[in-house]
Structures are given as C-alpha cells and as structure tokens.
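Listed here are the chains, written in short residue letters.
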Amino acid sequence: MKNISSQDFELRSLCFAVRTFLYKHDYRKCVSLISSAMGKYSHAPQPHNLFGIILEREGRHVEAMKHFCAAWSLDPTYQPARHNLEHYGGFS
C-alpha cells in the first residue's frame, strides 16, 4: 500500500468534503473550506480547481476560468484542472 503524505490526505479529504457540500448546495461551506485550504496549501492546485467549480455553479465563468488556469499553472499534471479548462471553456 502506498503511503500518502498528510498534505495529500488533507487535500483528498477537502475534495470529498467540497463534493459533499456541493450536492447539498451549501456553497458558503464550500468557500470556507476552500479558502482555508488556499491559505494552508498555497502551491496546491486542488483548492483553485474546486473554487473554479463553485464559481461556475454561481455563473461566474470568467472568475472560474482564472482559478482553473491557476490550478493548471501550479501543477500541469493535475488532470482535473485540465478537464475543467477544456469542459468549461477554451483551453488556449
């Protein structure tokens, strides 16, 4: 079994928690969790990608695309950010 770091575990937990609150349409809780994670893990793509999803749900497309781009810039191997860039707008 592969050992994961505490940071990886916390970021995976963040993704799960945000997904749960998204299904409940509790965007305020999502934003609170994501904002905390952005402060704690400033170089991680996950919080920016998640925030982009929240912004898309709120109809704030341009802002969402900026966060998807930020996630992609922080880690060009992070496939969820690439998927969201392609799904929600032009990749170029």
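Residues numbered from 1 in each chain as written. Predicted model: local features only at pLDDT ≥ 70, side-chain atom pairs only at ≥ 80, totals over all residues. Heavy atoms only, no water.

Thoughts on the overall build of the protein chain
Quick note on the threshold: Put simply, DSSP H or I for four residues or longer makes a helix, DSSP E for two residues or longer makes a strand, and each gets a number counted from the N terminus. Radius of gyration means the value over C-alpha atoms here, while the globule rule gives 2.2 Å times the residue count to the 0.38 power. With a 1.4 Å probe rolled over the protein chains alone, any residue whose accessible area is under 20% of its type maximum counts as buried; one over 50% counts as exposed, and the rest are partly exposed.
The number of helices and strands found in the protein chain is five helices and zero strands. From first element to last, N terminus to C terminus, the protein chain shows the α and β order α-α-α-α-α. Compactness check: the protein chain gives a C-alpha radius of gyration of 13 Å against a globular reference of 12 Å for 92 residues, within 12% of the reference. A principal-axis box enclosing the C-alpha atoms of the protein chain has dimensions of 35 × 30 × 25 Å. Looking at the protein chain as a whole, 36% of its 92 residues qualify as buried.

Regarding the pattern of salt bridges
In a structure, side chains of opposite charge can pair up when their charged atoms sit close to one another. Cut-off, in case you're wondering: A pair is scored as a salt bridge if a Lys or Arg side-chain nitrogen falls within 4 Å of a carboxyl oxygen belonging to Asp or Glu.
Summed over the entire model, instances satisfying the criterion amount to four salt bridges. Here Arg60 ties to Glu63 by a salt bridge, and the two come within 2.8 Å at their closest N and O atoms. Note on Arg60: relative accessible area 35%, which makes it partly exposed. A salt bridge links Glu86 to Arg82, with the shortest nitrogen-to-oxygen separation between them at 3.0 Å. With Glu86 and Arg82 both in helix 5 (residues 79-88), this residue pair falls four residues apart, about one helical turn. Here Arg82 falls in the partly exposed class, since its relative accessible area comes to 30%. Residues participating in the shared-partner salt-bridge network are Glu58, Arg60 and Glu63.

Looking at the side chain of Gln46
The condition is simple: Any two residues whose heavy atoms approach within 4.5 Å at even a single point are treated as in contact.
Along the chain, Gln46 turns up in helix 3 (residues 45-57). In this structure Gln46 touches Leu11, Cys15 and Tyr78, once residues within four positions along its chain are discounted.

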